[in-house]
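What follows is the residue order along each chain.
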Amino acid sequence: MHSPFVIEAENISKAKAGQSTCGDAVLFKKIKEENRLVAVVSDGLGSGVQANISATMTSTMALQFTMAGEPVERTAEFITNTLPQDTKRKVSYSTFTILDINYQGDVKAVEYDNPSILLLRNGEFIPLEKTEKTLNIQSQRNKVFQYHFKLQKEDRIILVTDGVTQCGMGSDQMHFGWQLNGLKDYIKDTISHKPEISARDLAGGIIAQTVLLDNNSLKDDASCCVLYYRKPRKLLIVTGPPFHKENDNILARSVKDFSGKKIICGGTTSKIVAKELNTDVEIDLEDYQPGLPPKAKMKGVDLVTEGIITLAKVSEELEQIASIEQASGSISGDIIRMMLESDEIEFISGTRVNNAHQDPNLPVELEIRRNVIKRITQHLENKFLKKTITTYL
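All figures in this text were calculated on a predicted structure; none of them were measured in a lab.

(A) The arrangement of the sheet that holds strand β18 (residues 301-305) in detail. What the 7 strands build is an open sheet, ordered β16-β17-β18-β15-β14-β19-β20; its pairing is mixed. Pairing within the sheet leaves two strands with one partner each, and these edge strands are β16 (281-284) and β20 (387-392). Ignoring which end each strand starts from, the neighbouring axes of this sheet average 25 degrees apart. As paired strands, strand β14 (residues 234-239) and strand β15 (residues 261-265) are joined by 5 bridges and run parallel to one another. By the bridge assignment, V238 is partnered in β15 with I264. The strands that helix α7 (residues 267-276) touches are β14, β15, β16, β17 (295-298) and β18; relative to β15, the one it contacts most, it runs at about 125 degrees.

(B) Seen up close, the pattern of salt bridges. Evaluated as defined, the whole model comprises 17 salt bridges. As a salt-bridge pair, K313 and E316 come within 3.5 Å of each other at their nearest N and O atoms. Remark: E316 and K313 occur in helix α8 (residues 308-320); sequence separation between them is 3 residues, near one turn of the helix. The network of salt bridges with shared partners includes E8, R230, R233 and D343.

(C) The arrangement of the packing of helix α6 (residues 248-257) against α7 in detail. It is the contact of α6 with α7, at a shortest axis distance of 9 Å, that shows an interaxial angle of 85 degrees. One element, α6, and the other, α7, form an angle in the roughly perpendicular class. Facing D248, N249, L251, A252 and V255 of α6, the residues of α7 in contact are T269, I272, V273 and E276. For the contact of α6 with α7, the residue count by class is 5 nonpolar, 2 polar and 2 charged.

(D) Quick peek at a nonpolar patch on the surface. Among the surface-exposed residues, V49, I53 and M57 lie close enough to one another that they form a single nonpolar patch of about 260 Å² accessible area. Looking at the element boundaries, I53 is found in helix α1 (residues 48-67). Classification of I53 by relative accessible area gives partly exposed; the value is 42%.

(E) Focus on α6. Looking only at α6, the buried set comprises D248, L251, A252 and V255. For α6, the angular spread of the buried residues around the axis is 95 degrees, confining them to a single face.

(F) Layout of unusual backbone geometry. Even without being glycine, D113 reaches a positive phi, approximately 70 degrees. The backbone phi angle of N278 is positive, close to 55 degrees, even though this residue is not glycine. Inspection of the secondary structure assignment puts N278 in the loop between α7 and β16.

(G) Examining the packing of helix α4 (residues 179-193) against helix α5 (residues 199-213) more closely. As a packed pair, α4 and α5 sit with axes 11 Å apart at the nearest point and diverge in direction by 135 degrees. One finds that α4 runs oblique with respect to α5. As for the relative orientation of α4 and α5, their crossing is right-handed in sense. For the pair α4 and α5, contact is made by L183, Y186, I187, T190 and I191 and by L202, G205, I206 and Q209, respectively. Split by residue class, the contact of α4 with α5 holds 6 nonpolar, 3 polar and no charged.

(H) Local environment of the pairing of strand β2 (residues 24-31). Looking at chain direction, β2 and strand β3 (residues 36-44) are connected through 8 bridges and run antiparallel. Opposite D24, over in β3, you have D43 as the bridge partner. Once β2 ends, the chain turns through 4 residues before running back antiparallel as β3, passing N35 with a positive phi of about 50 degrees.

(I) How the structure looks around the side chain of D221. Mapped onto the fold, D221 is located in the loop between α5 and β13 (222-230). One buried charged side chain, D221, makes no salt bridge at all; its nearest oppositely charged neighbour is K16, positioned 7.4 Å away. There is a polar contact of 3.0 Å between the side chain of D221 and the backbone nitrogen of K16. Within the structure, the side chain of D221 is placed 3.1 Å from the backbone nitrogen of G23, a separation counted as a polar contact.

(J) Looking closely at the sheet that holds strand β8 (residues 118-121). What the 5 strands build is an open sheet, ordered β1-β13-β12-β8-β9; its pairing is antiparallel. If you trace the sheet from one side to the other, it starts and ends with β1 (6-14) and β9 (124-125), each paired once. Here β8 pairs with β9 via 2 bridges, running antiparallel. By the bridge assignment, L120 is partnered in β9 with F125. Sheet strands in contact with α5 are β1, β12 (156-160) and β13, and its direction is about 25 degrees off that of β1.

About the thresholds
- Residues numbered from 1 in each chain as written.
- Predicted model: local features only at pLDDT ≥ 70, side-chain atom pairs only at ≥ 80, totals over all residues.
- Heavy atoms only, no water.
- Pairing = 2+ DSSP bridges.
- Helix = DSSP H or I, 4+ residues; strand = E, 2+ residues; numbered from the N terminus.
- Axes fitted to C-alpha atoms, helices over the stretch in contact; angles between N-to-C directions.
- Contact = heavy atoms within 4.5 Å.
- Salt bridge = Lys/Arg side-chain N within 4 Å of Asp/Glu carboxyl O.
- Parallel < 35°, antiparallel > 145°, perpendicular 65-115°, else oblique.
- Nonpolar A, V, L, I, M, F, W, Y, C, P; charged D, E, K, R; others polar.
- Patch = residues over 30% accessible without salt bridge, like charges linked within 9 Å, V, L, I, M, F, W, Y side chains within 5 Å.
- Areas by Shrake-Rupley, 256 points an atom, 1.4 Å probe, with all protein chains shown as cover.
- Buried < 20%, exposed > 50% of the residue type's maximum accessible area, 1.4 Å probe, protein only.
- Arc of directions from axis to C-beta.
- Left-handed = near helix turned anticlockwise from the far one by under 90°.
- Lys, Arg positive; Asp, Glu negative; His and termini not counted.
- Polar contact = N/O pair within 3.5 Å; in protein donor to acceptor, adjacent residues only side chain to side chain.

Written out as structure tokens, the structure reads:
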């Protein structure tokens, strides 16, 4: 069943001061065929490489079991029995929280030794009912909590490790640390000032505040995972003239009627759209940087650039980066930022051959437009979990 909403899922993790490796692990997996998202947050005992190995093992097992449809309590029992225990404290080496969400908003969750799951709705935190289950393991802390709740539009789920809730502990201002109440106040204040803040920016803000409260020297690994249930943000990218000239009007109408952000890649394409919509294209040299042709301006379109050279650069850059922060300051980086801030990216690709790109002396990157778009959509779907649609005209 199709859902009108998407789940924006992001996390930010930071290692304890003096450690190069974070001892927490956060994993996401979208299961497209089932319209499901699985998210796992795990905190390995201690810090550094050993903690990271333990947390990574835990989160990987949790992800695989949950994706396979195993009941959450069985998954929790298997993980806690499989992991080694700390001989002194008799506790498992990793905590975990597992979320299994479908796009209709049904959430099943299990939590073992992590700070409680937070659900923010209309600026307020909603108390979540949870059931306690005792696991069949030889441990002093063998209770897991199970949740089952339904999301509403604009809801946000926030998961953190205890490096966040315990930051600032022992200071004059907060003897027992930030705790959940301090975290909740910070989140409510942030959302009230920026109601549409992205999942990534909210998670980043929480971790930045955590570092600040620990006097800019984290006493423990800190991770924050935010899931934001909202209407999808859409982007249209149009490139290349239609094969049949009589389809020029269809292309222009697609741009005019699209509800979302719009990019036109290609000089000829932008002229066709401008002519059909009775508007102008103006070259914009304001932020021009050598390396790629300058961008242009057109009424009703967010960005107008050159075509295949720019798209080839976008494809190359998408392959190299892991997050939106790593996008370059050039035009290709502008396009990537718009892509990664969107949930659904639609491409309309004209199939008329541009004679300028048949010169054998031109660089190899100037492949046929179809192949470049195919590479871009593969990166967007596989690496950044975006939905893409491609139409050829």
